[in-house]
Amino acid sequence: PHVLFVRGNVDALSMRTLSFVGTREISPSGLYITDRLIGDLATQIDDLAIVSGMAYGADGAAHRAALNHGIATIGVVASVLPTVTPTSHRALAGLSSGLVVVESPATGGSLATAEQADSYGRVVMAVPGRLTDTTSFGTNNLIRSGKARLILSAADIIEDLGWERIQKRRAEEP
């Protein structure tokens, strides 16, 4: 972007960044997967910030998981601060190294974000879902069409992005 307005810790923009998007109607399984992926990343990657669009569903789940696991978050909003409106995610992926689509129906903002991320040369990844779940039609099609890499774990994300694992240092107790 030509101009970036920031409210909060600007240092988060210098961290390794990974975007998470998905449906606003995220399933309990999608919530679990989002928390697990972000939690596992938190144990293996230093200086990580999770980026999302502040919308309901998968976006909010990603921000909550990041905060619960001590990871910085970057909320991309489509409106002027301080107003936060859950709108389109189109400009989201330009801030991050890669994009994870957790759950997405056959059409919607998550797929538009995936297309945008791909056009920026970012790594697009998707979590596969059950064939009968409408909230997985989009993610499964991204994988089937070769537009997204299939991921099953944080290790897959780390490998696809070429990140080195850095064991976080834990403070020693006296």
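Residues numbered from 1 in each chain as written. Predicted model: local features only at pLDDT ≥ 70, side-chain atom pairs only at ≥ 80, totals over all residues. Heavy atoms only, no water.

**A closer look at the overall build of the protein**
For step 1, the next point in the chain: A count of helices and strands for the protein gives five helices and six strands.
For step 2, the next point in the chain: For the protein, the proportion of contacts with a sequence separation of at least 24, taken over those separated by at least 6, is 71%. (Helix = DSSP H or I, 4+ residues; strand = E, 2+ residues; numbered from the N terminus. Contact = heavy atoms within 4.5 Å.)

**Describing the nonpolar core**
For step 1, the next point in the chain: Ranked by size, the top nonpolar core spans 24 residues in total, and within it Leu 18, Phe 20, Ile 50, Val 100 and Ile 157 carry the most contacts.
For step 2, the next point in the chain: Elements represented by at least two residues in this core include exactly β1 (16–21), α1 (28–44), β2 (48–52), α2 (58–68), β5 (123–126) and α5 (154–161).
For step 3, the next point in the chain: Among all residues touching Ile 50, those that are not within four sequence positions of it are Leu 18, Phe 20, Ile 38, Ala 62, His 63, Ala 66, Ile 71, Ala 72, Thr 73 and Ile 74. (Core = buried A, V, L, I, M, F, W, Y, C linked by side-chain atoms within 4.5 Å. Buried < 20%, exposed > 50% of the residue type's maximum accessible area, 1.4 Å probe, protein only.)

**Section: the environment of Gln 44**
For step 1, the next point in the chain: Tracing the sequence through the fold places Gln 44 in helix α1.
For step 2, the next point in the chain: Overall, the relative accessible area of 17% leaves Gln 44 in the buried class.
For step 3, the next point in the chain: Residues Gln 44 and Glu 164, spaced 120 residues apart in sequence, show a C-alpha to C-alpha distance of 8.7 Å.
For step 4, the next point in the chain: Polar contacts involving the side chain of Gln 44 include one to the main-chain carbonyl oxygen of Asp 40, which spans 3.3 Å. (Polar contact = N/O pair within 3.5 Å; in protein donor to acceptor, adjacent residues only side chain to side chain.)

**Re the environment of Lys 147**
For step 1, the next point in the chain: Mapped onto the elements of the fold, Lys 147 is located in the loop between α4 (137–144) and β6 (149–150).
For step 2, the next point in the chain: The residues contacting Lys 147, other than those within four sequence positions of it, are Glu 115, Val 124 and Leu 142.
For step 3, the next point in the chain: Side chain to side chain, Lys 147 and Glu 115 meet in a polar contact 3.2 Å long.

**What about the sheet that holds β5?**
For step 1, the next point in the chain: Strand order in this open sheet of six strands is β3-β2-β1-β4-β5-β6, and the pairing throughout is parallel. What marks the edges here is a single partner per strand, and that holds for β3 (72–75) and β6.
For step 2, the next point in the chain: Two strands pair when backbone bridges link them, and β1 and β2 are joined in this way by four bridges, in the parallel orientation. Directly across from Ser 19, in β2, lies its bridge partner Val 51. (Pairing = 2+ DSSP bridges.)

**Some words on unusual backbone geometry**
Excluding glycine, a negative phi dihedral is what most residues carry, and trans is how most peptide bonds are arranged.
For step 1, the next point in the chain: Its identity is not glycine, yet Asp 47 carries a phi of approximately 55°, on the positive side.
For step 2, the next point in the chain: Summarising the element assignment, Asp 47 is placed in the loop between α1 and β2.
For step 3, the next point in the chain: Residue classification places Asp 47 among the exposed positions, given a relative accessible area of 54%.

**Quick notes on the environment of Leu 131**
For step 1, the next point in the chain: Structurally, Leu 131 can be placed in the loop between β5 and α4.
For step 2, the next point in the chain: Not counting chain neighbours up to four residues away, the residues in contact with Leu 131 comprise Phe 137 and Asn 140.

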